[in-house]
Amino acid sequence: MAQNDLDLLTGEDATELLATAVATAGGELVDWSVRQVDHRPGRSTTVAYRARVRWASTGDGSQVRTETLGASLGRPGDQQVPGVLTLDDGEHSVAIWRFPGDPALPALATAFDAHAVATLLGDLGVPEVARGPVTLKVRAYRPTRRAVIEASTPGARVFLKVVRPDKVDDLHARHALLAGAGLPVPKPLGRNNDGLLVIAPLPGESMRRAVRDGGPVPGPDEVVELLDRLPRDVVDLPRRTSWSENASHYASVIGAALPAEADRAAQLATAVEQRIAGLPADDPTHGDLYEAQVMLTEGRITGLLDVDSAGPGRRADDLACLVAHVETLSLLRGWDTDRLHALAVGYAHGFAGVVDPAELTARVAGVLLSLATGPHRVQEADWPAQTSLRLDAVERWFAGIPA
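All figures in this text were calculated on a predicted structure; none of them were measured in a lab. Residue indices begin from 1 for each chain and proceed along its sequence in written order. Predicted model: local features are reported for residues with pLDDT of at least 70 only, side-chain atom pairs are reported and counted for 80 or more only, and whole-chain, interface and lining totals are derived from all residues. Side-chain metrics in this entry use all non-hydrogen atoms of the structure; hydrogen atoms and water are not considered.

Some points on the sheet that holds strand β9 (residues 188–191)
Which entries qualify depends on this criterion: DSSP bridges decide pairing: two strands pair if at least two such bridges lie between them. The secondary structure listing takes helices from DSSP runs of H or I that are at least 4 residues long and strands from runs of E that are at least 2 residues long, numbered from the N terminus. Axes here refer to lines fitted to C-alpha atoms; in helices the fit is confined to the stretch in contact. Angles between the N-to-C directions go from 0 to 180 degrees.
Here we have five strands laid out as an open sheet, ordered β6-β7-β8-β10-β9, and antiparallel in their pairing. For this open sheet the edge positions go to β6 (135–142) and β9, each flanked by a neighbour on one side alone. Adjacent strand axes in the sheet meet at a mean angle of 20° when their direction is disregarded. Pairing of β6 with strand β7 (residues 146–153) involves seven bridges; the strand directions are antiparallel. Looking at the pairing, threonine 135 lines up with serine 152 of β7.

Some points on the side chain of histidine 325
Going by this rule: Note on definitions: a residue-residue contact is assigned when non-hydrogen atoms from the two residues lie within 4.5 Å.
Within the secondary structure, histidine 325 sits in helix α11 (residues 315–329). Once residues within four sequence positions are removed from consideration, histidine 325 is found in contact with Tyr290, Glu291, Val367 and Leu371.

Looking at the packing of aromatic side chains
Basically, it comes down to this: Any two rings among Phe, Tyr and Trp, with Trp reduced to its six-membered ring, count as a pair given centres within 6.5 Å; such a pair is stacked if its planes are under 30 degrees apart, edge-to-face if over 60, and tilted if neither. Exposure is judged per residue with a 1.4 Å probe applied to protein chains only, and the accessible area is read against the type maximum: over 50% gives exposed, under 20% gives buried, and values in between give partly exposed. Placement of a charge over a ring requires the Lys NZ or Arg CZ to be within 6 Å of the ring centre, with the centre-to-atom vector within 35 degrees of the ring normal.
For the coordinates displayed, the defined rule picks out five aromatic pairs. An angle of 80° between the planes, with centres 5.7 Å apart, marks the rings of tryptophan 32 and tyrosine 49 as edge-to-face. Taken together, the residues tryptophan 32 in strand β1 (residues 27–40) and tyrosine 49 in strand β2 (residues 44–56) connect sequence positions 17 residues apart. Measuring from ring centre to ring centre gives 5.6 Å for tyrosine 347 and phenylalanine 351, while their planes differ by 15°; the resulting arrangement is stacked. Separated by four residues within a single helix, tyrosine 347 and phenylalanine 351 lie in helix α12 (residues 337–351), roughly one turn from each other. Since its relative accessible area comes to 2%, tyrosine 347 is described here as buried. The rings of Phe99, Phe112 and Tyr141 are connected pair by pair, giving a single aromatic cluster. Note that arginine 275 overlies the ring of phenylalanine 398, its terminal NZ or CZ placed 3.9 Å from the centroid.

Let's talk about the domain arrangement of the chain
In many analyses, interface size is given as the accessible surface area lost on bringing the parts together. The cut-off we apply is this: Residue ranges assigned to the domains are those given by an automatic or database domain assignment. Using a 1.4 Å probe, buried area is obtained as the accessible area two parts lose upon being combined, added over both of them. Whenever Lys or Arg places a side-chain nitrogen within 4 Å of a carboxyl oxygen from Asp or Glu, that contact is recorded as a salt bridge. Under the rule applied, a polar contact is a pair of N or O atoms within 3.5 Å (in protein, one hydrogen donor and one hydrogen acceptor; residues adjacent in sequence only if both atoms are side-chain atoms). Note on residue categories: nonpolar means Ala, Val, Leu, Ile, Met, Phe, Trp, Tyr, Cys or Pro, charged means Asp, Glu, Lys or Arg, and polar means any other residue, Gly included.
You can read the domains of the chain as domain 1 (5–98), domain 2 (106–199) and domain 3 (205–399). Here the C-alpha centroids of domain 1 and domain 3 sit 33 Å apart. Across the domain 1 to domain 3 interface the summed buried area is about 710 Å²; carbon plus sulfur atoms make up 63%. For domain 1, the biggest contributors to the area lost against domain 3 are Val37, His39 and Pro41; these three give 50% of the whole. Summed over the shared surface of domain 1 and domain 3, the result is zero salt bridges. The tally of links from domain 1 across to domain 3 stands at one residue pair in polar contact (both at pLDDT 80 or more). It is β1 that provides the largest number of residues to the side of domain 1 that touches domain 3, a total of six residues. Across the side of domain 1 that touches domain 3, the residue classes tally to four nonpolar, two polar and two charged.

Observations regarding α12
For clarity, the cut-off: What a helix should span is 1.5 Å times the count of its residues minus one. As used here, the arc is the angular range of directions from the helix axis to the C-beta atoms.
Taking 1.5 Å per residue, 15 residues should reach 21 Å; α12 reaches 21 Å between its end C-alpha atoms and fits that length. Those residues of α12 lying buried are Leu340, His341, Ala344, Val345, Tyr347, Ala348 and Phe351. Relative to the axis of α12, the buried residues are bounded by an arc of 155° and lie together on one face. Opposite the buried face of α12, at more than 90 degrees from it, the exposed residues are Asp338 and His349. Lining the buried residues of α12 we find α7 (207–213), α8 (220–228), α11, α13 (357–371) and α15 (383–398).

Some remarks on the pattern of salt bridges
For the structure on display, the rule yields 30 salt bridges. The closest approach of N and O atoms between glutamate 380 and arginine 390, which form a salt bridge, is 3.8 Å. Of this pair, glutamate 380 sits in the loop between α14 (374–377) and α15 while arginine 390 sits in helix α15, placing them 10 residues apart in sequence. Among the charged side chains, a network of salt bridges with common partners joins Glu261, Arg264, Asp392 and Glu395.

A look at the pairing of β9
Sheet analysis places β9 next to strand β10 (residues 196–199), joined by three bridges and oriented antiparallel. The partner of arginine 191 across the bridge, within β10, is leucine 197. Between β9 and β10, which pair antiparallel and follow one another directly, the connecting turn spans four residues, one of which, glycine 195, has a positive phi of 110°.

Quick look at the structure:
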């Protein structure tokens, strides 16, 4: 059934679903492609699409616009939200919406409305941004989970993080705690009850750019020093299961999408979970530390983003997350494979003096396993081959720090 659900939302049957939804809104579907897939075997499937839609204009002709559409199966609550279309064939009940009408992110419609953003920011005491015109740019969107929108005027800039309403207070508290402790995290400027958090920008450029272009990057010692600055109070925050501890879940996602690799993924997940089982999780951690979360100025760390997962955990998990992400970049087409692999290995050797090397490589393998779901999630053209390539990397790292 899970595979049928996945096929329904990503295969040819999706054409009829999307065409019906668009026609109900007064448009005509021209073409479509899958942009993201969030498949949770036995639970739910959520898909984001890039669609071109022909809309009747106010004149004599029509215009074709690119739209972001979303659809979900196994999330009955989505179907109860106004503006969401439910299509039911007696076996499957699918919720479909047009961005920004995400049923789980009620604040997204506000965050994507320039006039509403200007008013909101003025109410929150950010008058510099409220002076229009406000320009909005979508920086990230994970259907039913989160979005990040940059709001700017000629004189100022802020970021709007949109999450599910029940998560916004916790997210605000994490930013306030870390900012108050002197960590270079975005300062929270305000929030609303619908799930919108306004945060200040950080100086510098993303470490992702330096890694990509071969620019200066912080050494292992500086990364460890950044984590040493996390206040002890972080361990009192709610704990979120780490990437490596969720290895079996990611293996099941891979197996559902690519049955030929189901056994290998499951065996690797079991090996990872057995090696890290029983270890206490009482270190202050960022929870999702990798190069895109770090801001640099001339190679020095000047900012730390996305503290949503900050809480108690294992120091080795944070360090392994960075290593695994850099290693994954080395597997991407067009990136410098040898240089990036050497960078990942260099970080691992540096971190091996801080945490147990066997634990580190097991957790690197666990994070790599989670990242092996990426090619299917974003629907790369040859995602089966890319998935297998990433599983090869899981095997190598589980065996120890590679050459």
